[in-house]
Amino acid sequence: METMSKKVRVIYYLFEVQNQPISVYAKEIESHLKYFVRLVNSDEYTLFENSKSLLRNSKVLYIIELRDDVSRWFYLTTGVKGIEKPKVAYEYEIGKEKGLEAVLREIAEGKAHRKWGVNKISAALQIILWGGFFILGYFGYENDKTGWISNFLPLVFLISGMIEGFRRGYKKKQKHTWKSY
């Protein structure tokens, strides 16, 4: 697992285009971007390579996806100003190159805006793990027969750390807060 030289933020916007050709909508988006890379029906490898080249000079990468029934257009840029509110907006905090790959795979496969993700599942597992440990620990403190539970604290730390490791090198924040420009 290679660590990136700096933590980066990837901000993903999804626009679903209806009632007009995607190329017409794309011109409107392009008018708000200074520098961008446009990719049409891109795969994860192409997204990854172009993203890496833009992240060499910036800590923030915007990925704007335009989607209709036929195709998907991606815009990669380091700055966005004045575009309308997207249907979906997420922000990822990434510290590892493997995390960047995982985020771009989610985006390329169209899974970036699903509700249950790794963060929610790992948070639920940790709540169950720690809650169960503390409840049983309390009963162990009150009762000599269950006092042996406190011996498992190092194991609980280990399992909790393993669950955190499954986050794949990035952290997905709920929804990106939208700012009107």
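Along every chain, residues carry numbers that run from 1 in the direction the sequence is written. Where totals are concerned, whole chains, interfaces and linings use all residues; where local detail is concerned, this predicted model gives features only for residues with pLDDT of at least 70, and gives and counts side-chain atom pairs only at 80 or more. Note that water and hydrogens are dropped before the side-chain values are worked out from all heavy atoms of the structure.

Participant: Looking at this structure, I do not really get the pattern of salt bridges. What am I missing?
Facilitator: Oppositely charged side chains can pair when the atoms bearing their charge come close. For salt bridges, the criterion is a side-chain nitrogen of Lys or Arg within 4 Å of an Asp or Glu carboxyl oxygen. What the rule picks out here adds up to seven salt bridges. The shortest N-O distance in the salt bridge between Glu93 and Lys7 comes to 3.7 Å. One end of the pair, Glu93, is in strand β5 (residues 88–96); the other, Lys7, is in strand β1 (residues 3–16), with 86 residues separating them in the sequence. Under the relative-accessibility criterion, Lys7 is labelled exposed at 57%. Where Glu16 meets Lys87, a salt bridge forms, and the shortest distance between an N and an O atom there is 3.3 Å. Within this pair, whereas Glu16 is found in strand β1, its partner Lys87 is found in the loop between β4 (72–77) and β5, the two being separated by 71 residues in sequence. Among the charged side chains, a salt-bridge network with shared partners connects Glu65, Arg67 and Arg72. Secondary structure counts use DSSP, requiring at least four H or I residues in a row for a helix and at least two E residues in a row for a strand, with both numbered from the N terminus. Accessibility here uses a 1.4 Å probe with only protein chains present; expressed as a share of the type maximum, an area under 20% marks a residue as buried, one over 50% as exposed, and anything in between as partly exposed.

Participant: Could you clarify how one ought to interpret unusual backbone geometry in this entry?
Facilitator: What is expected of a backbone is that most residues other than glycine have negative phi and most peptide bonds are trans. If you check the backbone angles, Asn19 has positive phi at about 65 degrees while not being a glycine. Its place among the elements puts Asn19 in the loop between β1 and α1 (22–30). Residue class for Asn19 comes out exposed when judged on its relative accessible area of 83%. Even without glycine at this site, Asn41 takes up a positive phi of about 50 degrees.

Participant: Would you mind going over the pairing of β4 with me for this structure?
Facilitator: Burial within β4 is extensive, with six of its six residues counted as buried. We call two strands paired when DSSP finds no fewer than two bridges between them. Judged from the four bridges that link them, strand β2 (residues 37–40) and β4 form a sheet pairing that is antiparallel. Within β4, the residue paired with Leu39 across the bridge is Phe74. Direction of pairing for strand β3 (residues 60–67) relative to β4: antiparallel, over a ladder of six bridges. Looking at β4, one finds that Ile64 is bridged to Tyr75. As consecutive antiparallel partners, β3 and β4 are separated by four residues.

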